[in-house]
Amino acid sequence: MPYIANTDQDVKEMLQAIGCKDLDDLWTKAEVKGPYPQFKYMPQAMSEFEVVKHIKELAKRNKTELVNFVGAGFYDHFIPSAVSEVTSRSEFYTAYTPYQPEASQGTLQAIYEYQTAICTLSGMNVSNASMYDGGTALFEAMMLGCRVTRRRRAVISGAISPIYREMIHCYSSNLSVELVEVPSTGVESSLSSLLDSINDKTACVIVQYPNFFGSIEDWTEFTAEVHKRGAIAICSTYLTSLAMIKTPGEMGFDVVTAEGQCLGIQLSFGGPYLGVMACNDKCMRKMPGRICGQTVDKDGKIGYVLTMQAREQHIRREDAMSNICSNENLCALTALVYLTVIGKEGLRQVARLCSSKAVYLRNLLLGIKGIEPVGDSPFFNEFVIKLPCDASEIVQKLIDRGFAIGFPLGRYYPTRKDQLLICVTEKRTKEEMKALANTMEAVLWN
Amino acid sequence: MELIYEISRKGRKGSTLPALDVPEACPVSEQMLRSIPANLPEVTELDAMRHFTKLSTRNIGLDTQFYPLGSCTMKYNPKLHERVATLAGFAELHPLWPQLRHGGAMSQGALEVLYETERMLSDILGFSQCTMQPLAGSHGELTGVMIIAAYHNARRDKRRKVMLIPDAAHGTNPASATVAGFECRTIPTDERGNVDMAALREALGPEVAGLMLTAPNTLGLFDSNVREICRLVHEVGGLAYCDGANFNAIIGRLRPGDLGFDVMHINLHKTFSTPHGGGGPGSGPVAVVEALVPYLPISRVVRFDDGMFGLRYDFPESIGYIAPFYGNFGIILRAYAYLLTVGREGLVRISQNAVLNANYIRVKLAPYYKQAYNRFCMHECVLTAEEHAKKGVKAIDIAKGLLDKGFHPPTMYFPLIVHECLMIEPTETESKETLDKFIEAMIELAKMVDTDPNALHEAPIKMPVRRLDEALAARKLNLHA
């Protein structure tokens, strides 16, 4: 049932009105020729009851009851009920891009408020209206760095999410941008090697903060050095942590990107997520993506519009800053409502819960015979441990016992098959962590 | 209306969090703590609900008004889609689980949704396989042209640097081709609104990597030369890309794969009824012919002999990772529900009614608005307010006048090749009564061009704000509170 309103009588009247004798004639007059296709795979139509029943059965085949300690850039945070209540208002979710601003003040003001929240959280001056995800935003930041400096070389830290490094390599394959990757040392970014890799052709240096292994590093002096060499400093960040730790803005970064999923967006098997991008004044005019600005109407009343559109594809076509044509608007709204309801003090509390619990779990695990720490860097809510055996095997055994214990680094770092990246959010309880540690000990030594 | 930051009062809270059940510990030194807290709102949950509910009423949505935006396919978004997308079994599923050993068993339901949606779309589009990974329409375009680049690179055919793009194309086509490393060459449109065949023949050569054709085109017309166009592109060794933004016009009636295209993208948020979200998230799956399957992005969803679903990465010729995971899964799930509801026999009814509705509007408005091309249209009709503009009323004035009459305006000033363009796409989900009311409003506006043009210049007057000063917004940038 394809949700069609026209009755047989309507169709008859409308065909007559446009001078067609039947529906075949409609196609002929529209110059569409050729046989009707036969579909082999498409099933017969189902009723709403049947569709919902079928999809509920599929949902049951996903075992979401695992106690989750996997993060690696995608986090299982608590989401207040008010968030989905707002985003499920169909005035928001059934609207199109706000090209008719008088009819879209709800969407536009929400974007303006979102941009404000991102600026204050990241310590940057300008935020766009969002991009697809953290990875595409990071690639776009690199290209922004190339445009601002008119250089075509990017130095990339090996402590950036390997998922994002893969994406940057993929997107750069047809562009004349030289990518230089600087391996990490243990759980740390190699700050001095990164600096040594900058030459007079380098457009930007891209790092992650806290880095992929969870470590928090002070980049303040580093960004000053990057600027001395005429390059742009870019960082991919974890927005929840910024309620607690020094902001990228305070440390002198020019462009900040992030996966905004941590701000009230469901994990939803990988998307839709939220690409966050913010920058300083120097980079603003070269930034890709939609941006909303405040203005006034004919009567002097405050209102909001999309602005700086001369950067975008619908005006500039092949000379645009990017091919991006939408934002992840409903996800940006989700993040805004989350930040509003969790609030100023709430987000700090979330950060405190995460970091205290992470310290607790790390100590518990390091108390188990054979488990060793990897590095001693400060961290937020993620850390790496070394096991006396292949981490994948332990992951498998713990899945069978109801825990998603962490992400084995061997998947992306072949020499680190015995290491696990573990994440703790405010949703994990002391009991769950104790149970995890007990199970881990049993799996390792019984 | 006040900003949420203006409502904020120090000390107010809108949420509760669990008490700390472990010793408080701060893993970072004092100097790494942020010096000033982020200035986020401090409001109650009630404050937040009032604020955002009020904001929502300052939006027109598809559920509140007829929304005939051309090229956007604003069809109804069924509510069962929203319901299934929030099922905990999907919403709470971590995307890295299937990448863990034994983790695949944790996400069989989600992998099945991806696998089945790929197969159903391949069937509907007439291609060998498809990927659900692209996160939006323009992201699908980019993926598609990157596949074209990978194909030529694999053949060590380094000459092919040019992408042909008709002048009626969406701006994303040339922008996407540029990001994939191509130079764009524009092909003009002929006097009937088709690709200018002589100009196309002239432009074809050994340096051509491919052609990006929107089919039906952005003028709402079906180019009956489309098979010939694909043949000519193939003849010089290029590949034919179909921009499927307008696929709603031919769904169930034609399959682009059968027409000779090699690769195409579709927009789940257009033809497949997933919500636009005020500008995203969307989803832009890409379908390819057999010869291009090796280049599809990884990871790929597969079904093993034992019936289990899993992920595979061992495709050495793949363009790589274009998305962090498997696409905008929550959107794909909605489209999956739509496909099951529509079923095989429902497909052609979509395009039939979309084309019927558009032509009905076209014919009824013909005495009042000139058609850009005097032909039967497909799913949208492209009109021009050129005659009205001579009397001082532009397309934008008509559009703003419609707002006061309770309708969302059509797309205006696109395609760029039509002056004072108004592009109307009713979709198949609207009733004849709605179309009749819209037609009546458009006719009244056309009459006002002579009787009361000033009212149109002043419109809208019934919206939350009147016309906004966009020049001021761009000159005096105010991008956050």
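The structure displayed is predicted, hence computed values, not measured ones.

Analysis parameters
- Residues numbered from 1 in each chain as written.
- Chains lettered and ligands numbered in written order.
- Predicted model: local features only at pLDDT ≥ 70, side-chain atom pairs only at ≥ 80, totals over all residues.
- Helix = DSSP H or I, 4+ residues; strand = E, 2+ residues; numbered from the N terminus.
- Rg over C-alpha atoms; globule rule 2.2 N^0.38 Å.
- Buried ≥ 20, exposed ≤ 12 C-beta atoms within 10 Å, placed from the backbone.
- Contact = placed C-beta atoms within 7 Å.
- Core = buried A, V, L, I, M, F, W, Y, C linked by C-beta atoms within 7 Å.
- Nonpolar A, V, L, I, M, F, W, Y, C, P; charged D, E, K, R; others polar.
- Domains from an automatic or database assignment.
- Pairing = 2+ DSSP bridges.
- Axes fitted to C-alpha atoms, helices over the stretch in contact; angles between N-to-C directions.

Novice: What's the story with the overall build of chain B in this structure? I'm lost.
Specialist: Scanning chain B from terminus to terminus reveals 16 helices and 13 strands. Since a compact globule built from 481 residues should have a radius of gyration of about 23 Å, the 25 Å found for chain B is in line with a globular shape. When the backbone C-alpha atoms are referred to their principal axes, chain B occupies close to 75 × 60 × 45 Å. The buried share among the 481 residues of chain B stands at 60%. Taking the intrachain contacts of chain B between residues at least 6 apart in sequence as the baseline, contacts between residues at least 24 apart amount to 71%.

Novice: What's the story with helix α8 (residues 162-172) of chain A in this structure? I'm lost.
Specialist: Residue pairs spaced three or four apart in an α-helix point in one direction, given the helix's 3.6 residues per turn. Taken together, the buried positions of α8 of chain A are occupied by Ile163, Tyr164, Arg165, Met167, Ile168, Cys170 and Tyr171 of chain A. Against α7 (134-149), β3 (153-157), β4 (178-182) and β6 (232-237) of chain A lie the buried residues of α8 of chain A.

Novice: Please explain the nonpolar core as it appears in this structure.
Specialist: Grouped together as the largest cluster of nonpolar side chains are 321 residues, with contacts concentrated most on Met142, Val205 and Ile234 of chain A together with Tyr241 of chain B. In this view, isoleucine 234 of chain A contacts Ala141, Met142, Gly145, Cys204, Val205, Ile206, Phe253, Asp254 and Val255 of chain A; residues no more than four positions away in its chain are not counted.

Novice: Looking at this structure, how should I read helix α7 (residues 172-179) of chain B?
Specialist: In terms of burial, α7 of chain B is largely enclosed, as 8 of its 8 residues are buried. For α7 of chain B, the set of buried residues is Thr172, Asn173, Pro174, Ala175, Ser176, Ala177, Thr178 and Val179 of chain B. Looking at the buried residues of α7 of chain B, the elements they touch are α12 (313-316) of chain A together with α6 (137-154), β2 (162-166), β3 (183-187), β4 (208-214) and β5 (239-244) of chain B.

Novice: I would appreciate a short explanation of the interface of chain A and chain B in the present structure.
Specialist: Think of interface size as the accessible area that goes away when the parts come together; that is how it is often given. Chain A puts 173 residues into the contact, and the matching count from chain B is 177 residues. Sort the elements by how many residues they give to the side of chain A that touches chain B and helix α13 (residues 329-366) of chain A lands first, with 23 residues. Looking at side-chain class alone, the side of chain A that touches chain B contains 87 nonpolar, 50 polar and 36 charged residues.

Novice: Which parts of the structure should I look at to understand the domain arrangement of chain B?
Specialist: Residues and elements named next belong to chain B. Domain parsing of chain B yields domain 1 (83-341) and domain 2 (347-470). Each of domain 1 and domain 2 has a C-alpha centre, and these two points are 31 Å apart. Among the residues forming the side of domain 1 that touches domain 2, the class breakdown is 9 nonpolar, 7 polar and 3 charged.

Novice: Explain the environment of asparagine 62 of chain A here, please?
Specialist: Secondary-structure assignment places asparagine 62 of chain A in the loop between α3 (48-60) and β1 (67-68). Sequence separation between asparagine 62 of chain A and leucine 339 of chain A is 277 residues, and the spatial gap between their C-alpha atoms is 29 Å. Look past the residues within four positions of asparagine 62 of chain A in its chain and what remains in contact with it is Gly89, Phe90, Leu93, Met106, Ser107, Gln108, Gly109 and Ala110 of chain B.

Novice: For this particular structure, what's the right way to read the pairing of strand β8 (residues 300-303) of chain B?
Specialist: On a regular strand, one side chain projects to one face of the sheet and the next to the other, so that they alternate. All names here are of chain B. Two elements, β8 and strand β9 (residues 309-312), share 4 bridges in a ladder whose sense is antiparallel. Bridge assignment links arginine 303 to a residue of β9, and that residue is phenylalanine 309. Hairpin connection, β8 to β9: the antiparallel pair is bridged by 5 residues, and glycine 307 has positive phi, about 90 degrees.

Novice: Looking at this model, I keep getting lost on the sheet that holds β3 of chain A. Mind explaining?
Specialist: Think of a sheet as strands paired side by side through backbone hydrogen bonds, with each pair either parallel or antiparallel. Residues and elements named next belong to chain A. With mixed pairing, the 7 strands of this open sheet are ordered in space as β2-β8-β7-β6-β5-β3-β4. Sheet topology places β2 (126-127) and β4 at the edges, where each strand pairs with a single neighbour. Pairing between β3 and strand β5 (residues 202-209): 4 bridges, direction parallel. Residue pairing in the sheet places arginine 153 in a bridge with threonine 202 of β5. In the packing of α8 onto the sheet, contacts are made with β3, β4 and β6, and the angle to β4 comes to roughly 160 degrees.

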